[in-house]
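# Understanding the architecture of this molecule
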Amino acid sequence: MSKHPSPPSHPLISFVIPLHNEASNLEWHYKHIVEFMHGKPLAYELRYVDDGSKDASLDILKKLHAQDPSHVHYVSFSRNFGKEAATSAGLQSAKGDAMVIMDGDGQHPLETVDTFIAQWQAGAQVVIGVRETNQKEGVVAKTGSKTFYQLLKMLDSDQEVVSKSTDFRLLDRQVVDEFNKLTERNRIARNLIDWLGFRRAFVPFHALERHGGEPAYSFEKRFKLALDGLIKHSTKPLKFIGGLGFIIATLSAFAAIAVIVETYLLGDPLNLSITGTGILALMLSFMVGIVLICQGLLALYLEDVFHETQNRPLFIINEKA
Ligand code: UDP
Ligand code: MG
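Residues numbered from 1 in each chain as written. Chains lettered and ligands numbered in written order. Predicted model: local features only at pLDDT ≥ 70, side-chain atom pairs only at ≥ 80, totals over all residues. Heavy atoms only, no water.

## Points about the overall build of the protein
- Of the regular secondary structure elements, the protein holds 10 helices and seven strands.
- A buried classification covers 42% of the 321 residues belonging to the protein.
- Within the protein, counting contacts between residues at least 6 apart in sequence, those at least 24 apart form 82% of the total.
- For the protein, the exposed area adds up to about 17,800 Å²; of that, 63% sits on carbon and sulfur atoms. (Helix = DSSP H or I, 4+ residues; strand = E, 2+ residues; numbered from the N terminus. Buried < 20%, exposed > 50% of the residue type's maximum accessible area, 1.4 Å probe, protein only. Contact = heavy atoms within 4.5 Å. Areas by Shrake-Rupley, 256 points an atom, 1.4 Å probe, with all protein chains shown as cover.)

Now the structure itself:
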């Protein structure tokens, strides 16, 4: 294989689009993509995943498929499994040389896809949309995502985490093949993609307003997703417990020794008049420290089990000759 295998001359682009109750956007979005791809020297397919929509989304998908069977494909879930599962399903069914993951609500601008494709043709294997600050975004959401990325950066030493990187991205076939081999159940697609590595490029974009309908992600869901992301990325919080125990135990041991020497050996020259209760308190905090150290030890084993159950491949090969 050549060092930088260039994409085929008439490549197939797959749009992977997870949908949950997007009936008000679907037809509009579909037409938008068809117009966008018209006249380009690229073949394309639309891989919709209906993630248990309760509205007419599936009926519209069926209609679109009947009208345009060569371009429109869909899978429909038996219930709502969440966007991460939907994205994974879309990536599994897509046949493209490159796949563009995008939301079905019109928030991801198609013009940016042009830049994605150009970057891909220039040799990038993962092209990541980076969201520019949205003026309309609420203060809570803004500071929330900022804190989250700072935390992630602090906790995660193995990977370069780019703030505001989104699910809106293009993946080369080779990356998707590797992604499809990952077996983790509780997953966040973009974090797994970041873990895979490969040659990456970043493209800034301004998220647009939703075309219609309501966003499905509540604050609660977002918070859970953020927490999941942290936990999956780092076992440092587990080890932190052990460190805390070590500090508490050491400090209280020193304090206890100092008190015993001062009171009983030297006859309280500093006039501290430490009572038995005070010594008891020091002994208690020493024991708490020991308990925490033991938990930290357990955490080391837990970390090992955690990595084993993730069952990630030992390495990912990009090129070989
Ligand atoms: N979505 C999905 N399953 C869900 C929730 C959302 O497939 O359980 C889809 C949704 O239809 C949209 C995309 O994921 O295409 C992003 O969702 P949303 O617009 O609600 O999130 P936001 O833009 O606020 O991040
Ligand atoms: Mg949206």
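From this point, the narrative continues.
## Points about the nonpolar core
- The biggest cluster of nonpolar side chains holds 33 residues, and the ones touching the most others in it are Ile13, Phe15, Tyr48 and Val113.
- Among the nonpolar cores identified, the runner-up in size contains 17 residues, and Val16, Leu91, Ile101 and Ile128 belong to it. (Core = buried A, V, L, I, M, F, W, Y, C linked by side-chain atoms within 4.5 Å.)

## What about the pairing of strand β3 (residues 72–76)?
- One ladder, built from five bridges, connects strand β2 (residues 43–50) with β3; its direction is parallel. Along β3, the bridge assignment pairs Asp50 with Ser76.
- With helix α2 (residues 57–67) bridging β2 and its parallel neighbour β3, the resulting β-α-β unit is right-handed. (Pairing = 2+ DSSP bridges. Right-handed = clockwise from strand over helix to strand, strands pointing away.)

## Structural notes on the site of ligand 1
- For ligand 1, the set of nearby residues contains 17 residues, the closest of which are Glu22, Asp51, Asp105, Gln107 and Ala216.
- Pro18 places a main-chain nitrogen or oxygen 2.8 Å from an oxygen atom of ligand 1.
- In this structure, an oxygen atom belonging to ligand 1 sits 3.0 Å away from a side-chain N or O atom of Asn80.
- When the residues that make up the shell around ligand 1 are grouped by side-chain class, the tally is five nonpolar, five polar and seven charged. (Near = heavy atom within 4 Å. Polar contact = N/O pair within 3.5 Å; in protein donor to acceptor, adjacent residues only side chain to side chain. Nonpolar A, V, L, I, M, F, W, Y, C, P; charged D, E, K, R; others polar.)

## Things to note about a nonpolar patch on the surface
- Together, Phe219, Phe223, Leu227 and Ile231 make up an exposed nonpolar region whose accessible area comes to about 450 Å².
- Note that Ile231 resides in helix α8 (residues 219–233).
- For Ile231, a relative accessible area of 47% corresponds to the partly exposed category. (Patch = residues over 30% accessible without salt bridge, like charges linked within 9 Å, V, L, I, M, F, W, Y side chains within 5 Å. Salt bridge = Lys/Arg side-chain N within 4 Å of Asp/Glu carboxyl O.)

## Focus on the packing of aromatic side chains
- Here the structure, examined in full by the defined rule, presents three aromatic pairs.
- Relative to Phe81, the ring of Phe77 lies with its centre 5.4 Å away and its plane at 90°, an arrangement referred to as edge-to-face.
- Of the residues examined, Phe77 reaches a relative accessible area of 19% and is grouped as buried.
- For Phe81, a relative accessible area of 41% translates into the label partly exposed.
- With a centroid separation of 4.8 Å and an interplanar angle of 45°, the aromatic rings of Phe116 and Phe168 are classed as tilted. With Phe116 in helix α4 (residues 110–121) and Phe168 in strand β6 (residues 165–172), this residue pair connects regions lying 52 residues apart in the sequence. Of the two residues, Phe116 and Phe168, neither departs from the other in class, the shared state being buried.
- Just above the ring of Phe36 sits the side chain of Lys40; from NZ or CZ to the centre is 3.9 Å. (Phe/Tyr/Trp six-rings, centres within 6.5 Å; stacked < 30°, edge-to-face > 60°. Lys NZ or Arg CZ within 6 Å of the ring centre and 35° of its normal.)

## Let's talk about the pattern of salt bridges
- If you walk through the whole model with that rule in mind, you get 14 salt bridges.
- Among the ionic pairs, Asp167 bridges to Arg190, the shortest N-O distance being 3.1 Å. In this pair, Asp167 sits in strand β6 while Arg190 sits in helix α7 (residues 189–196), placing the two residues 23 residues apart along the sequence.
- Via salt bridges that share partners, Lys83, Asp103, Asp167 and Arg190 belong to a single interconnected network.

## A few points about the coordination of the magnesium ion (ligand 2)
- Ligation of the magnesium ion (ligand 2) by protein atoms is provided by Asp105 (OD) and Gln107 (OE1), these donors lying 1.9 Å from the ion.
- Judged by its relative accessible area of 3%, Asp105 falls in the buried class. (Donors = N, O, S within 2.8 Å, 3.2 Å for Na, K, Ca; no water.)

## Describing the environment of Leu182
- Structurally, Leu182 can be placed in the loop between α6 (173–181) and α7.
- With relative accessibility at 5%, the residue Leu182 sits in the buried group.
- The sequence separation of Leu182 and Asn311 amounts to 129 residues, and the corresponding C-alpha distance is 7.8 Å.
- Other than its neighbours up to four places away in sequence, Leu182 contacts Arg187, Leu192, Trp195, Leu196 and Pro313.

## Some words on the sheet that holds strand β4 (residues 98–101)
- Strand order in this open sheet of seven strands is β3-β2-β1-β4-β6-β5-β7, and the pairing throughout is mixed. Looking at which strands have only one partner, the edges of the open sheet turn out to be β3 and β7 (200–205). Adjacent strand axes in the sheet meet at a mean angle of 20° when their direction is disregarded.
- Bridge count for strand β5 (residues 126–131) against β6 is four bridges, and the pairing is antiparallel. Its bridge partner being in β6, Ile128 is matched across the sheet by Arg169. (Axes fitted to C-alpha atoms, helices over the stretch in contact; angles between N-to-C directions.)

## Remarks on the environment of Ile60
- Checked against the element boundaries, Ile60 lands in helix α2.
- Aside from chain neighbours lying at most four places away, what touches Ile60 is Ala23, Leu26 and Glu27.

## A short note on the packing of helix α9 (residues 236–265) against helix α10 (residues 276–310)
- Running from N to C, α9 and α10 cross one another at 155°; their axes reach a closest spacing of 7 Å. As far as their axial angle goes, α10 and α9 are roughly antiparallel. The chirality of how α9 crosses α10 is left-handed.
- In terms of residue class, the contact of α9 with α10 is built from 20 nonpolar, seven polar and two charged. (Parallel < 35°, antiparallel > 145°, perpendicular 65-115°, else oblique. Left-handed = near helix turned anticlockwise from the far one by under 90°.)

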